[in-house]
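If you want the building blocks of each chain, they are given just below.
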Amino acid sequence: MSEPFSARLRASTATIHDEVEHTTFMVDLMEGRLDSRAYALLLKQYEVIYAVLESQSRTFADDPVFAPFHDVNLFRSERIAADLAALGGEDLPVMPSATAYADHLAGLERPEQVIAHHYTRYLGDLSGGQAIGTLMGRHYSLPATTLTMWDFTALGKTKPYKDSYRCLLDEVAATGGDEQIVIDETMEAFRLNGALLVDLTEATELRAVPVA
């Protein structure tokens, strides 16, 4: 029996995924060595990235390859804007890498490419990303009103939704999609996210404090 595509995609991108997760900025943020401004700075980058990703999701909503993935309940842009406003972070700078990320998203021409970024961002948000909201509240005393990006209650229980999402990935070829394009573009998505986190590391490295 052949390996499901969702498992092959995860295995193919595991190394770069792990590298990105362990970028200094994310480690410091998650371990409480930064501050609420650093979290707001991350959200500011997400504001420009998710806006373009969600625009592309709407653009490809009727494409037979991408249509199964289109779900407005996943969209984060309005929540990110509200969280930024609650944090007072609307005027924070946008990193060059975030602009490059958004520009790349805007230039996507294949539904498989959009699936790759959709998978990288949203399944990540539903998985390890859930810890971000919890830890931001714990380390930086942020109220729930600043952490709505991580609220996916509209989807119902998270595990069944993620399981269903992986089943959609397994059907990409059946809908006429090219699995290799998804893998290649997922690698690019992680590369872009890694470049963003390097920029954020440089922007915050002087403010990291030891945790007792």
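Our subject is the structure that appears above.
Overview of the structure. Note that the structure is predicted; figures quoted are calculated from it, not measured. (Residues numbered from 1 in each chain as written. Predicted model: local features only at pLDDT ≥ 70, side-chain atom pairs only at ≥ 80, totals over all residues. Heavy atoms only, no water.)

1. What about the packing of helix α7 (residues 111–126) against helix α10 (residues 179–204)?
The axes of two packed helices give the description: the angle between them and the distance between them. For clarity, the cut-off: Angles shown run from 0 to 180 degrees and are taken between the N-to-C directions of axes, each axis being a line fitted to C-alpha atoms and, for helices, limited to the stretch in contact. Secondary structure elements are taken from DSSP: a helix is a run of H or I of four residues or more, a strand is a run of E of two residues or more, and numbering for both begins at the N terminus. Any angle from 65 to 115 degrees is called roughly perpendicular, while one under 35 is roughly parallel, one over 145 is roughly antiparallel, and all others are oblique. Each helix crossing is assigned a hand: it is left-handed if the near helix lies turned anticlockwise from the far helix by less than a right angle, otherwise right-handed if that turn is clockwise. Working rule for contacts: check all heavy atoms of both residues, and any pair within 4.5 Å makes them a contact.
Remark: α7 packs on α10, axes separated minimally by 8 Å, with the N-to-C direction vectors making an angle of 50°. When the axes of α7 and α10 are compared, the pair comes out oblique. Crossing hand, α7 versus α10: right-handed. Of the residues in α10, those in contact with Glu112, Gln113, Ile115, Ala116, His117, Tyr119, Thr120 and Arg121 of α7 are Ile181, Val182, Glu185, Thr186, Ala189, Phe190, Leu192 and Asn193.

2. Considering the nonpolar core
Going by this rule: Residues grouped as a nonpolar core are buried Ala, Val, Leu, Ile, Met, Phe, Trp, Tyr and Cys residues, joined through side-chain atoms within 4.5 Å. Residue exposure (1.4 Å probe, protein chains only): buried if accessible area is under 20% of the type maximum, exposed if over 50%, otherwise partly exposed.
Core analysis: the largest hydrophobic core is formed by 60 residues, its most contacted members being Phe25, Leu29, Tyr39 and Met136. It is helix α4 (residues 36–59) that contributes the most residues to this core, 10 residues altogether.

3. Things to note about the environment of Asp184
Considering the arrangement of structural elements, one finds Asp184 in helix α10. A relative accessible area of 46% places Asp184 in the partly exposed class.

4. What to know about α4
For clarity, the threshold we go by: By this rule the span expected of a helix is its residue count minus one, scaled by 1.5 Å. To obtain the bend at a residue, axes are fitted to the seven residues ending there and to the seven starting there, and the angle between these axes is taken. N or O atoms closer than or at 3.5 Å make up a polar contact, with two conditions inside protein: a donor-capable atom paired with an acceptor-capable one, and, for residues adjacent in sequence, both atoms drawn from side chains.
Between the first and last C-alpha of α4 there are 34 Å, a value that for 24 residues agrees with the 34 Å anticipated at 1.5 Å per step. Maximal helix bending in α4 amounts to about 25°, located at Tyr46. The opening residue of α4, the one whose side-chain oxygen lies 3.2 Å from the backbone nitrogen of Arg37, is Asp35.

Keep in mind these numbers describe shape, not what the thing actually does.
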